[in-house]
Amino acid sequence: MTRRGCLGLAGLFVSGAYRPSSAKGASIESVAIYSTRVGPRAWVALELATSDGLTGLGDASAGERVPVTGSAVARRLLDFIRGRSPFEVERLRAAAMSAVAEAAPSDSRPTAAACSAVEQCMWDLQGKLLGLPCYELLGGALRTRIRNYANINRATRGDDRTAEGFAANALRGATAGFDAFKLAPFDHMSRNETVPARFREGVSRGIGFVRAVRQAIGPDRDLLVDGHSRFSASQAIEVGRRLESLRLYWMEEMCRGVDDLRRFNDATHVQTAGGESLWGAGAFYDYIRSGAVDTVMPDVKYCGGMFELKKIAAMAEAAGLACSPHGPASPIGNMAAAHVCATLPNFTILEMAYGEVPWRADTVVPAERVESGFLTVSDRPGIGYELNPARWTRFDG
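Residues numbered from 1 in each chain as written. Predicted model: local features only at pLDDT ≥ 70, side-chain atom pairs only at ≥ 80, totals over all residues. Heavy atoms only, no water.

### Some details on the overall build of the protein chain
Our working definition: Secondary structure elements follow DSSP: runs of H or I of four or more residues count as helices, runs of E of two or more count as strands, with numbering from the N terminus. Burial here depends on accessible area, computed with a 1.4 Å probe over protein chains only, as a share of the maximum for the residue type. Under 20% is buried, over 50% is exposed, and the range in between is partly exposed. Only heavy atoms matter for contacts: two residues are in contact if any of them lie within 4.5 Å across the pair.
Helix and strand counts for the protein chain stand at twelve helices and 16 strands. Here the protein chain, with 397 residues, has 58% of them falling under the buried criterion. By sequence separation, contacts in the protein chain at least 24 residues apart represent 74% of the contacts at least 6 residues apart.

And the structure:
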């Protein structure tokens, strides 16, 4: 994340007149943007402040290749929310749907991330105004400890992307208490590789990574594979059959497109998962109805926010599908998702990017606590975190 990228997002929040819209008194008055480098990526956090000094946090990270920059549409969205009550989530949602629909293709993802982050901030503010944790506002907790799987893919970089490197990171995660692990073992391959020799070599290498992790973690821990949409449907079916003997928890986004995903899902005996890049309940409705996957993976920092995640999970529940939010996020994004997960009847497991940086937990106050692979949902008001300013660079909006 560059300084220019962060300042571009700051441009979304154009100053305007203070016009309280709620008899309760609190209105959104200002915003600050924070960023910190995490390996080759950046985390971006938004902080909305109310007229009476309360602050709410949201995770706006959109990926290292998609800097969070402003657009005219997003400026209108955030001008719209300034001066309004933090309780006007559905009004924000309507404006956000228009903002993302109108954004240029190159700007749609950062616009969606900005909208999702503002929505998280509003829930955090609501909880602080009412003195309640967010899960109480979303239906109450069915559980307060959220099972996480350790995504070791981001921690395994460069020369470490070998069978030995993946296995070593999995062992570190197992020592830390995780009992489920995910890797993306085919990232070295071109999408839809058409040269037979290169396809065979790439697949064999990737399966070797998976086999090494299975051997490292033993037979009783769960193992998840993310295909990062590297294959056509027919290729994915072939690769999936070769992976079945490794007793996978799921295979995630092995191919691209609803039709190919459905073909793959129909052909495999292993659970399938996906949907991390979809925006809004409407996109998930078509995805769920198509039979593309067994488990939906909305991302709280991209799908539209916490309430949108709740809506998507409810659709999945009605269709008999599980919900496992995508979440290689900052502690802010993970805790925002965890508050929703606490309320979901069809929740299974939450993602955590394990081992990216050793100081991850210290980016928030109180420090993030993950014990034996479980994240305890904060019972503090709102999401439950404040930023540790020593770990972030601030840009005022």
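Next comes the rest of the account.
### So, the layout of surface pockets
Note the following rule: Here a cavity denotes grid points, spaced 1 Å and computed from the protein atoms alone, that fit a 1.4 Å probe unable to get out, and a pocket denotes an open set having protein on both sides within 12 Å along at least 5 of 7 lines; residues with an atom within 4 Å of a point are the lining. Grid points are joined across faces, edges and corners, and a volume is the space filled by probe spheres set on the points. Only Asp, Glu, Lys and Arg are considered charged, only Ala, Val, Leu, Ile, Met, Phe, Trp, Tyr, Cys and Pro nonpolar, and every remaining residue, Gly among them, polar.
Space inside the second largest pocket adds up to approximately 270 Å³. The wall of the second largest pocket is formed by 14 residues, among which Y354, G355, V357, R360 and E368 lie closest to the centre. Considered class by class, the residues forming the lining of the second largest pocket number ten nonpolar, one polar and three charged.

### Brief notes about the pattern of salt bridges
As a reminder, the rule being used: The salt bridge criterion pairs a side-chain nitrogen of Lys or Arg with a carboxyl oxygen of Asp or Glu, the two atoms within 4 Å.
Following the criterion strictly, the structure yields 20 salt bridges and no others. D187 is paired through a salt bridge with R161; the nearest N and O atoms lie 3.6 Å apart. Here D187, found in the loop between β5 (180–183) and α7 (196–217), pairs with R161, found in the loop between β4 (145–151) and α6 (163–175); they are 26 residues apart in sequence, far enough to count as distant. D299 is the partner of K301 in a salt bridge, and the nearest nitrogen-oxygen pair spans 3.1 Å. For K301, a relative accessible area of 7% corresponds to the buried category. On the accessibility criterion, D299 (1% relative accessible area) is buried. Salt bridges linked by common partners bring K182, D226, E252 and E351 together as one network.

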